[in-house]
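Residue strings, one per chain:
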Amino acid sequence: MALDNVITSPHRRSQTQTAFSQPPTKKQYSRGDELGNCTTLVQRHQFLLTALALLAFLCTIYLYFAVTLSSGDPCDGLVGAQKMTCRLRIAKESVANGKLKVF
């Protein structure tokens, strides 16, 4: 056909490549080149590293609020026998509820 030489399409095979020709060989990498340097690793795993950094940041915020807003010890203001009585009462309530609370 005369139009085959004029019309070019990115989906058409080149004239040198046929269905039976060998595919182009890829460059063989040595074991050292497989991982590359640090810059290559960061570029390849940029999304995962960003997600990990975001997760670490959010966990830090969560732990900050968990520690600062947690309920304190109800026996903090007491001293001596009153404190021991308060702790004993809390322990009895915990055991009665089926929970074991460690001080």
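Residues numbered from 1 in each chain as written. Predicted model: local features only at pLDDT ≥ 70, side-chain atom pairs only at ≥ 80, totals over all residues. Heavy atoms only, no water.

S.K.: I'd like a rundown of the overall build of the chain, residues and numbers included.
M.R.: The number of helices and strands found in the chain is four helices and zero strands. Along the chain, helices and strands appear, N-terminal first, in the series α-α-α-α. Within the chain, buried positions represent 4% of all 103 residues. About 10,000 Å² of surface is accessible on the chain, with carbon and sulfur atoms providing 63% of the total. (Helix = DSSP H or I, 4+ residues; strand = E, 2+ residues; numbered from the N terminus. Buried < 20%, exposed > 50% of the residue type's maximum accessible area, 1.4 Å probe, protein only. Areas by Shrake-Rupley, 256 points an atom, 1.4 Å probe, with all protein chains shown as cover.)

S.K.: Can you break down the pattern of salt bridges residue by residue, with the values?
M.R.: All told, the structure shown has one salt bridge when counted by the stated rule. Among the ionic pairs, E93 bridges to R89, the shortest N-O distance being 3.5 Å. Here E93 and its partner R89 are both found in helix 4 (residues 81-96), four residues apart, which amounts to about one turn of the helix. On the accessibility criterion, E93 (40% relative accessible area) is partly exposed. (Salt bridge = Lys/Arg side-chain N within 4 Å of Asp/Glu carboxyl O.)

S.K.: Describe a nonpolar patch on the surface, listing the residues and the values that go with them.
M.R.: Where nonpolar side chains cluster on the molecular surface, the patch consists of L54, F57, L58, I61, Y64, F65 and L69 and spans about 750 Å² of accessible area. If you trace the backbone, L69 turns up in the loop between helix 3 (46-68) and helix 4. (Patch = residues over 30% accessible without salt bridge, like charges linked within 9 Å, V, L, I, M, F, W, Y side chains within 5 Å.)

S.K.: An account of the state of the cysteines is requested, with residue identities and associated values reported.
M.R.: In the structure shown here, the tally under the stated rule is one disulfide. Between C75 and C86 runs a disulfide, and the two sulfur atoms are separated by 2.0 Å. Residues C75 and C86 are joined through a disulfide that is left-handed, its torsion about the S-S bond being -80 degrees. Placement of the pair is C75 in the loop between helix 3 and helix 4 and C86 in helix 4, with a sequence separation of 11 residues. Taking relative accessible area as the criterion, C86 reaches 6% and is therefore assigned buried. (Disulfide = S-S within 2.5 Å.)

S.K.: Any details on the confidence of the model for the chain? Residues and values, ideally.
M.R.: Confidence along the chain averages 76 in pLDDT terms, with 60% of residues attaining 70 or more. Mean pLDDT across the elements of the chain bottoms out in helix 1 (residues 31-35) (58) and peaks in helix 3 (93). (pLDDT = per-residue confidence, 0-100.)

S.K.: Residue-level account of helix 4, with values.
M.R.: Spanning 16 residues, helix 4 covers 22 Å between terminal C-alpha atoms, matching the ideal 22 Å at 1.5 Å per step. The positive-phi residue at the C-terminal boundary of helix 4 is G98, with phi of around 85 degrees. (Expected span 1.5 Å × (residues − 1).)

S.K.: Can you lay out the environment of P74 for me, pointing to particular residues and giving the numbers?
M.R.: Of note, P74 is situated in the loop between helix 3 and helix 4. On a C-alpha basis, the gap between P74 and I90 in space is 9.1 Å, while along the polypeptide they are 16 residues apart. Residues in contact with P74, not counting those within four places in the same chain, are C86 and I90. (Contact = heavy atoms within 4.5 Å.)

S.K.: Tell me about the environment of R87, and please be specific about residues and values.
M.R.: Mapped onto the secondary structure, R87 falls in helix 4. A residue is classified by how much of its surface remains accessible, and R87, at 26% relative accessible area, is partly exposed. R87 sits 12 residues away from C75 along the chain, and the two C-alpha atoms are 6.9 Å apart.

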